Every structure is written in C-alpha cells, then in structure tokens.
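Report on the structure
So the chains spell out like this:
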Amino acid sequence: MNPYKFFEKPNSLKITLIVLFSFLAIVTVLDLVIKRSAEYGFEKFPSFFSVYGFVACVVLVLVAKFVLRPFVKRKEDYYDD
Amino acid sequence: MTISFMPPFLIFLIGAFFALFLRGKVLKWWIIIVPALALVNAFILPKGFVYDIHFIGLDLVPIRIDQLSYVFGLIFCIISLLNSIYAYGLDDYRHHVAALLTEAAALGVVFAGDYFSLFFFWELKALSTSFLVAIGGREGSLKASFRYLLMHVTGGVFLLGGILLHFHQTGSIAFNYLGLTNLASLLILIGFGINAVFPLLHTWLTDAYPQASYAGTVVLSAFTTKSAVYTLARAFPGTEALIVVGVIMAAFPIFFAVIENDMRKVLSYSLINQVGFMVTGIGIGTELSLNGTVAHAFAHILYKALLFMSMGAVFKQTGKIKATELGGLFRTMPWTLTFCIVGAASISGVPLTSGFISKSMIVAASAHQGLTIVWFILLFASAGVFHHSGIKIPFFAFFSHDSGLRPKEAPFHMLLAMGIAAFLCIAIGVYPWALYSILPFPVHYVPYAPDHVMEMVELLGFSALAFTLLMLSGIYPPEMRAINLDFDWVYRRSLQLFMCFDRKVIVVFEDKIVNTAYEWLFLNPIMFFARFFKGVDTYVVDGTVNGSAKATYSVSKSLRKLQTGNLQDYMILFVIGILILACVIILLRGGI
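Worth saying up front: this structure is predicted, and the values here are computed from it rather than measured.

Moving on: the overall build of chain B. On a plain count of helices and strands, chain B comes out with 20 helices and three strands. In terms of C-alpha radius of gyration, chain B reaches 40 Å, well past the compact-globule figure of 25 Å for 592 residues. Summarising the internal contacts of chain B: among those between residues at least 6 apart in sequence, 81% fall at separations of at least 24. Accessible surface, chain B as shown: approximately 24,900 Å² in total, 72% of it carbon and sulfur. Of the side-chain charges in chain B, 36 are positive and 30 negative, and the distance between the mean point of each set is 12 Å.

In this section: the interface of chain A and chain B. Facing 50 residues of chain A, the contacting portion of chain B comprises 61 residues. Interface of chain A and chain B: buried area, both sides summed, is about 5,200 Å²; carbon and sulfur atoms make up 70% of it. Our count for the chain A to chain B interface comes out at three salt bridges. Close ionic contact of Glu8 of chain A with Arg331 of chain B constitutes a salt bridge, the shortest N to O distance being 3.1 Å. Applying the counting criterion to the chain A and chain B interface returns 15 residue pairs in polar contact (both at pLDDT 80 or more). Elements supplying a minimum of two residues to the side of chain A that touches chain B: α1 (12-33), α2 (48-72) and β1 (73-74) of chain A. Among the elements that take part in the side of chain A that touches chain B, α2 of chain A stands out by supplying 18 residues, more than any other.

So, about the nonpolar core. Residues and elements named next belong to chain B. Phe192, Phe298, Met311 and Phe398 are the most contacted members of the largest nonpolar core, which totals 212 residues. With 18 residues, the top contributor of residues to this core is helix α12 (residues 287-318). Residues contacting Phe398, with those up to four places away along its chain left out, are Met311, Val314, Gly327, Gly328, Leu329, Phe330, Met333, Thr336, Leu337 and Cys340.

On to the packing of aromatic side chains, then. Two aromatic rings, taken as a pair, are described by how far apart their centres are and by the angle between their planes. Enumeration over the complete set of coordinates arrives at 44 aromatic pairs over all chains. Taken together, a centroid distance of 5.7 Å and an interplanar angle of 35 degrees make the contact between Tyr518 of chain B and Phe522 of chain B tilted. Of the two residues, Tyr518 of chain B and Phe522 of chain B both sit in helix α19 (residues 488-560), four residues apart, roughly one turn of that helix. Owing to a relative accessible area of 47%, Phe522 of chain B belongs among the partly exposed residues under this scheme. Taken together, a centroid distance of 5.7 Å and an interplanar angle of 75 degrees make the contact between Phe528 of chain B and Phe529 of chain B edge-to-face. Classification of Phe529 of chain B as partly exposed rests on a relative accessible area of 48%. When the ring centre of Tyr78 of chain A is taken as reference, the NZ or CZ atom of Arg74 of chain A above it lies at 5.6 Å.

So, on to helix α5 (residues 115-134) of chain B. Residues and elements named next belong to chain B. Here α5 contains 20 residues, and its C-alpha end-to-end distance of 28 Å stays within 8% of the 28 Å for a straight helix at 1.5 Å per residue. The buried fraction of α5 is high, at 14 of 20 residues. At the N-terminal boundary of α5, the capping side chain belongs to Asp114, with an oxygen 2.9 Å from the backbone nitrogen of Phe116.

Our focus in this paragraph is the packing of helix α9 (residues 216-235) of chain B against α12 of chain B. Think of two packed helices as two axes; the pair is described by the angle between the axes and how far apart they sit. Residues and elements named next belong to chain B. Running from N to C, α9 and α12 point in directions that differ by 165 degrees, and their axes come no closer than 8 Å. If you check the angle between α9 and α12, you find them roughly antiparallel. For the pair α9 and α12, the crossing hand works out as right-handed. Residues Thr217, Val218, Ser221, Ala222, Lys226 and Val229 of α9 lie in contact with α12, whose contacting residues are Thr293, Ala297, His300, Ile301, Lys304, Ala305, Phe308 and Met309. Here the residues of the contact of α9 with α12 sort into eight nonpolar, four polar and two charged.

This part covers the pairing of strand β1 (residues 49-55) of chain B. Residue and element names in this part refer to chain B. Across six bridges, the pairing between β1 and strand β2 (residues 58-65) is antiparallel. Pairing of Val50 across the sheet is with Arg64, part of β2. Between β1 and the antiparallel strand that follows it, β2, lie two residues; Ile56 among them carries a positive phi value of about 35 degrees.

A separate point is the state of the cysteines. Residue and element names in this part refer to chain B. The full count for this structure, using the stated rule, is zero disulfides over all chains. Just so you know, Cys77 is unpaired, no disulfide at all, and the nearest cysteine sulfur is the one on Cys425, 18 Å from it. Classification of Cys77 as buried rests on a relative accessible area of 1%. With no disulfide of its own, Cys340 lies 12 Å from the sulfur of Cys425, the closest cysteine sulfur. With relative accessibility at 0%, the residue Cys340 sits in the buried group.

Attention now goes to the environment of Lys44 of chain A. All names here are of chain A. Its place among the elements puts Lys44 in the loop between α1 and α2. For Lys44, a relative accessible area of 54% corresponds to the exposed category. Separated by 34 residues in sequence, Lys44 and Pro10 have C-alpha atoms that sit 42 Å apart.

On to the confidence of the model for chain B, then. Of all residues in chain B, 99% attain a pLDDT of 70 or more, and the chain-wide mean is 92. Two summary scores accompany this predicted model of the complex, namely pTM at 0.86 and ipTM at 0.92.

All names here are of chain B. Relative to each other, helix α13 (residues 334-348) and helix α16 (residues 412-430) sit at 30 degrees, their axes nearing to 9 Å. Considering only the axes of α13 and α16, their crossing is left-handed. Across the interface between the two elements, Trp335, Thr336, Phe339, Val342 and Ser346 of α13 pack against Leu415, Met418, Gly419, Ala422, Cys425 and Ile426 of α16. Tallied by class, residues from the contact of α13 with α16 come to eight nonpolar, three polar and no charged.

Residue and element names in this part refer to chain B. On the surface, a nonpolar cluster with roughly 950 Å² of combined accessible area is contributed by Phe528, Phe529, Phe532, Phe533, Val536, Tyr539, Val540, Val541 and Val545. Relative to the elements of secondary structure, Val540 occurs in helix α19. A residue is classified by how much of its surface remains accessible, and Val540, at 48% relative accessible area, is partly exposed.

Analysis parameters
- Residues numbered from 1 in each chain as written.
- Chains lettered and ligands numbered in written order.
- Predicted model: local features only at pLDDT ≥ 70, side-chain atom pairs only at ≥ 80, totals over all residues.
- Heavy atoms only, no water.
- Helix = DSSP H or I, 4+ residues; strand = E, 2+ residues; numbered from the N terminus.
- Rg over C-alpha atoms; globule rule 2.2 N^0.38 Å.
- Contact = heavy atoms within 4.5 Å.
- Areas by Shrake-Rupley, 256 points an atom, 1.4 Å probe, with all protein chains shown as cover.
- Lys, Arg positive; Asp, Glu negative; His and termini not counted.
- Charge placed at Lys NZ, Arg CZ, Asp CG, Glu CD.
- Buried area = accessible area lost by both parts, 1.4 Å probe.
- Salt bridge = Lys/Arg side-chain N within 4 Å of Asp/Glu carboxyl O.
- Polar contact = N/O pair within 3.5 Å; in protein donor to acceptor, adjacent residues only side chain to side chain.
- Core = buried A, V, L, I, M, F, W, Y, C linked by side-chain atoms within 4.5 Å.
- Buried < 20%, exposed > 50% of the residue type's maximum accessible area, 1.4 Å probe, protein only.
- Phe/Tyr/Trp six-rings, centres within 6.5 Å; stacked < 30°, edge-to-face > 60°.
- Lys NZ or Arg CZ within 6 Å of the ring centre and 35° of its normal.
- Expected span 1.5 Å × (residues − 1).
- Axes fitted to C-alpha atoms, helices over the stretch in contact; angles between N-to-C directions.
- Parallel < 35°, antiparallel > 145°, perpendicular 65-115°, else oblique.
- Left-handed = near helix turned anticlockwise from the far one by under 90°.
- Nonpolar A, V, L, I, M, F, W, Y, C, P; charged D, E, K, R; others polar.
- Pairing = 2+ DSSP bridges.
- Disulfide = S-S within 2.5 Å.
- pLDDT = per-residue confidence, 0-100.
- Patch = residues over 30% accessible without salt bridge, like charges linked within 9 Å, V, L, I, M, F, W, Y side chains within 5 Å.

In structure tokens:
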C-alpha cells in the first residue's frame, strides 16, 4: 500500500498542476466572498495575501540565487585546508 | 511541605547515571522507562510549587514550578520520550547517556528559580550537547563539536559575568524578570542570546547540528534553543530590542535555506527562522504574544523534531543527506514521507496543524501593537518557511529527480516516534484549546476565524504556485554540491588571520628583536665574563698547576734513569761511590 504510486504515472505532473491551479482559483473566488475584519486597510484588497505570498517567494528565490549564492558559494572542502 | 513528585531533572540524572553501566536490550528499555516515568511525573507536578534551600549563604531555588516553566517542562518530557523511542535502535550507549544528560540539564534550566542552579544546568547542557555532536560519527563531527563548545563556553562566561555583576548590584540571585537596564542584564542577555541563536551568534547551530548522528540532531533540536527561549521569556519579556533581533532571525535564514544542499542544514536554518518568531513574540511582550511564543515553542519542538526525525530516517537508511544525492524516495519510504509532510505542513502553519494555531498568535500580536513592518516581515518569513521547509524538504528528498536509491522503510520504532509526533502536531492543530489551556495567560484568541484561515491558505497556496512556476521555468536555483559561507567565516578566518599574524609577526618579532636584545643585554656580557674567567682558569690556575706538574715530571723523568733495577748497576755505583768517598777522605786528610 503506497499512496504515492500515483507519482509514477506519466501524467501525474499534469494532474497535480490541474489540482493546484483549480484549488488556487477556488481560493481566489472565496477571497472575494469571505468578509475581512482587517487590522490594516491594505489587507482588504482582494487577494492581498495571495499576491504577497507569490511575490515574497519569487523575490526570496531570486535574491537567494542571484545575490546570496554567488557571494557565499564555495567548494565543499573550502574549510579543510 | 511534603513532596509527592520527583524533580524532573533528577529522574533524568539518575537515568543517565545507570545508563552508563547498562548495555544491550536492558539499556534500550531503560532509556524508554526513564522519560516515560518523567512524563507521568510531569502530569502530577503541582503548579505554584517552590522549593528553596539556604546553601553557602545563597538562597537557592532549584525547583520553581509555575505556568511558564510547567509548559516547557511538559513538552521537554514528551519530546524526551519520543527521542528515546526514535533512538531505540541505536547501540551506542554514549548517545543515550548524553541524551539523558541533555534532557536533565534542559529540565533543570526550565525549573531553576535562581541563577546559580540555572548556570549549573546551563553548563551541563553545553557539555552534554557538545558531546552529542562529537560522537556524531561524521567526518567533521569532532571539529564541529569543539567549535560548538567554544561558542557555548563563551556564552557561559558572558552569563556568569552578568550573574556575578547582578548579584553584586542587587544581592539577589533569584531568576525572575530582569529587563535590559544595565551592563549585568546585557551580559546575561548575550549569554542567553548565544544559545537562542541571535543573528551573527547563530553559526554554531548550522555548523554543528548537521554533524550529529541521525538521532543526535533530534535531541539537539529540541532542547538548546528552546530552553534559551524559555529563559528569555522569563527574564526579558517586552524588551524592544528583541523585536529587531527576532525579525532578523525570522528573515535572513530562509535565504540560506533556499540554496543549501544539506537537508539537515536546511532544517537548521529554518529552526533559526522559527526561533525568530518566538524571540519577536518575547520582544513584543503582550499577553497574546507571550502566549504565542510559549505555544509556538511547544508546537515547534514537536514538528521540528518530526522533520529532523524524517530526515534522520532518510540519512540512516540511505547514508546520504544532500539534496543532490537524494530524490525519488517516495517509492520505498512512504510512511517517512507522510510524517515528513505532516511536519512540513505544521512548520508552514497550514490550518489544522500545530504551527497554524501558534505562529498566528505572534503575527496577530504584532498587528495588534501596530508594528506594521514587523508584521510584513513575519508574513514574508511565513511564506518563506513554507517554501523551503514545507516544500523543498519533502520535494527534494522524496520526489525531484530519481536518485536510483531504493532504501528500506525506516524501522518500526522510528516510524512510531514520528507517528506520535505527527499525531500530536495534528491534534494540537485540530484542538488548540488543549494547548491554550496550559499557557501562562488566559487565551482569548480565536485561530479558526474564516478570514484568518483564508489569509494563511492564500499565502501558502500562492507560495506553492511560485515554487511550481519557478521549478517548471528552470529559474529555481539548481541543487549544487557546494557549501555556503555564513558568518562563521569571520570567526574562522579571523582566527586563521590571528595564527598567521602569530607566525609572521609575533614569532618574527620574538626571534629578531627579543632574542637579539637578550643576546646583547645578557648573553653576550655573560659570555664575555665567562671567556675572561676561562682565560684566568686556563692560563693562571691551570698554568701554575700544569707548570709545577711539568717540572716534577721532567725531574722525575731524568731521575728515573738512575733507577735501572739491575743489581750489578747498583753494585758498580756502590763501588764507584765507595771509591769516590775513599778518594775524598784521602784528599781531605792529606795522604794515606
């Protein structure tokens, strides 16, 4: 019994992506429906947290890849001298 | 007052002592019985109990059980039992002794009511945990454990200095609210801060944790930083500097985690990120934020242990722990993967898991206090932690590219420990009031408000979208066999620089200047006098002795010829002598 056998199938990636995208679409619709009791004004913008979460992760990855990695990356035996 | 319970640290101390002499199956059951007893004992601990003794002129309070110490004591006992179940298969008795000692020390710290007891257990913890690192059995374990010990001894010196100064100023060693007011409290804060992985002092954690054994890292992750969080919450709630420190800790490690190859190091960075939330909560200092900090520490100990356990299982079964060497393990380790996903969901704060109901209290507290920037950074850190611990850990270890590894599923006792931890993560998430009811302050916070659930689902859902799109487009930083420098570069290089300075400057200075001056000032005059007296000795004293000896020798040499040893020679000489004597007498008498 291995519930992850699904990922061996050839179109598993496609199905996963469809599930993810439809889930996010539902979330975006729900966002418009559910009333907010926001602490800050900008929290009331539709999908504020979606946009923030997406942008935050893209910025995180880009900074880590293009700024931090070139700066700190060394060979694995760097300290063994 | 009669005592109806055992001091929790004493159970573990006794346990550790006997573990020294036990081996085999007996030891394996012993290490489970000890924390099990401690856990039962933890449930009957009377809140509000204080045990004080007067000793060498000090008012010692080795046991102080209040609401704050109780929560930490309880979770430490729970995680000790899980650690023991997880490590059941380990045959190394040294690990079990060190783990029990660490647990004793952590409980000692949590229940200590005075700085003297606190310091004693603080140092015991530093020793036992560095020993746990040292016996990790990896290539760099021993060196990392020395660096770890060096850091913690330094922290201990700061703490001791602060305690002595505090005692000198106030005459009290009671461990209570302190606040950042003077030098003494600053020193104590730094002492706690080294253990609480304050930024720039954090490198011991990411350096040492990946070097411990698969079970050792789980023990380390539960006790060191969290007992420091406890001490900060006790002594420095509402210290505003901690807000700044906390948000830095919450934000910077996630950048390192994204590009890190060693999976347990990724988890180490995310540990700093999570402790950052707790430190921020302490800094804010409201009832809500302190409740959030304590709840988050409780939840964190469980899910971080769960994540380290799952990566430990992967490490034990495959012998590999780097993202570049792993992948595709979902085929043979589905249970480990399932528990890993529960841990990953919990650390990310997915609704219905423990992280959701604890972390959100701290985030909400920052909003209530109007700390907008703090709130933004904490949200960023929440999205970030989902990104690297929530997705990266399960994805790179169990899916990603197929590494071709087909390890067996982890042994039953490891799955059991992970299963219990996973169950508790979900139980707290589904029924948060079980945890809320034991927090230091009454809880009015409602975690499952619809808009709040939506916030978190949106934040995490679209973080996942970002990950997916970056992966598919190939922008996501590829896994690489490399190490990433961190601030310990400064420590290591400055020490190397010092050694270089020592060789190139101090040694040369000593050699060229000090030695030369010594030669001129002392050695040369002494040599001059020595030579003078040697001359006197050679030419005067020896000359006299030798001269007289030579004279005697030459006289003896010429006299020696008289002594031929032949009787006839002596006879002739005798006759000649008689004749000469006769002639002389005749001559003197003037004729015969």
